[in-house]
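Descriptive structure summary
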Amino acid sequence: MTPIHFKAFAITNEIDLNQIAIQCGIPKKFTWEQPLILKGDILQSILQKKLNDSQMVMVFSFGSVVFINHSHNDEITCFLKYLYSFEPDIEIKNTNRYTDDYSLHIKETENIELTDEYIVVPEYEVYFPELISTVLAKSVALEKTEEQLGKIHDKLETMIDRLEKGRLRIGNKELARTTAKIVRHEYNTLAYIMILDKPDITWTSSTANEFYDKMVEFFELNDRYIILKNKTDILYNIMNGFSTISHSIRGLFVEWIIVFLILFEIILTIIKY
């Protein structure tokens, strides 16, 4: 059997699968954990070209897309432009920023062999494409989230520098914007990427569950998720510290204003009498 090739992209934070399904005439209501699988006549009508049965595209609600056996860039670009009509926040020119290539090889072997570029299995199972695509989709989505978290860290580092120099002046709007970024980061990680959730097939097939767990462990999805969660908690603690200091500075300023007003009133009273 010829190798199966996968190419995953993280292109946005959220994709409405139901809008695409309606457009494609798919009579199904998709939940967050279910990917939209496009192949056959539907995919051919989108790409406007003849495809073979092994080619398909899997679209995930948390903003990732996985192309299976699509070696031509024009097919990938065409499909991403199609998604752009549903999600205008997709940056077509930067779609290669968070991506990963992988392949599935079938040959005689006693154990599953996992590497950074491919996986080797002794025999093919129908659930392999979906499970591999799911792991790749979550991996590139995590990569995107990790970089976004780095930008928040850079912002907080600037605030810390200002604090060390004794020139901390943070308005409520700036604190709210930075906190909102942290909340959005955590929401994207927990609610959309759904690292801890498993595909439905893993609950009905023990071999599928074992295969999926091996893939998740190799790509370190759970470890990366825990690291992101811990970093997020640290960011919350830092923001609470900034908020406390900022409010203390404002409170001290108000107290001095009150003292000056009292002194001014006393001076006016003395002048009057």
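Scroll up a little and you will see the structure.
Let me sum up the structure you'll find in this document. Everything quoted here is computed from the prediction, not taken from an experiment.

**As for the pattern of salt bridges**
Considering all chains together, one arrives at six salt bridges under this definition. Between Lys7 and Asp101 there is a salt bridge, with the nearest N and O atoms lying 3.0 Å from each other. A residue pair is termed long-range when its members are at least 10 positions apart, and Lys7 in strand S1 (residues 4-10) and Asp101 in strand S5 (residues 99-106) qualify at 94 residues. The salt bridge partner of Lys49 is Glu75, with a shortest N-O separation of 2.8 Å. Of the two residues, Lys49 is situated in the loop between helix H2 (40-47) and strand S3 (56-59) and Glu75 in helix H3 (residues 73-84); the sequence distance between them amounts to 26 residues. What makes Lys49 partly exposed here is its relative accessible area of 29%. Assessed through its relative accessible area of 3%, Glu75 is described here as buried.

**With respect to H3**
With 12 residues, H3 extends 16 Å from end C-alpha to end C-alpha; this agrees with the ideal 16 Å at 1.5 Å per step. Turning to H3, its buried residues number three or more, namely Glu75, Ile76, Phe79, Leu80, Tyr82 and Leu83. Along the axis of H3, the buried residues cluster in a sector spanning 155°; they form a single face. Seen from the open side of H3, the exposed residues pointing more than 90 degrees away from its buried face are Asn73 and Lys81.

**A closer look at the packing of H2 against H3**
Following both chains from N to C, one finds H2 and H3 inclined at 90°, their axes separated by 9 Å at the closest point. Classified by the angle between their axes, H2 and H3 sit roughly perpendicular to one another. Every residue of H3 that contacts H2 at Leu43, Ile46 and Leu47 is listed here: Glu75, Cys78, Phe79 and Tyr82. Classifying every residue of the contact of H2 with H3 gives six nonpolar, no polar and one charged.

**Focus: the pairing of S1**
Counting buried residues in S1 gives six out of seven residues, a clear majority hidden from the surface. Sheet topology places S1 next to S5; six bridges connect them, and they run antiparallel. Paired with Phe6 across the two strands is Tyr102, which belongs to S5. As judged from the five bridges shared by S1 and strand S4 (residues 64-68), these two strands associate in the antiparallel manner. Within S4, the position partnered with Ala8 by the bridge is Val66.

The rules behind the values
- Residues numbered from 1 in each chain as written.
- Predicted model: local features only at pLDDT ≥ 70, side-chain atom pairs only at ≥ 80, totals over all residues.
- Heavy atoms only, no water.
- Salt bridge = Lys/Arg side-chain N within 4 Å of Asp/Glu carboxyl O.
- Helix = DSSP H or I, 4+ residues; strand = E, 2+ residues; numbered from the N terminus.
- Buried < 20%, exposed > 50% of the residue type's maximum accessible area, 1.4 Å probe, protein only.
- Expected span 1.5 Å × (residues − 1).
- Arc of directions from axis to C-beta.
- Axes fitted to C-alpha atoms, helices over the stretch in contact; angles between N-to-C directions.
- Parallel < 35°, antiparallel > 145°, perpendicular 65-115°, else oblique.
- Contact = heavy atoms within 4.5 Å.
- Nonpolar A, V, L, I, M, F, W, Y, C, P; charged D, E, K, R; others polar.
- Pairing = 2+ DSSP bridges.

Keep in mind that these numbers describe shape and distance, not what the molecule does.
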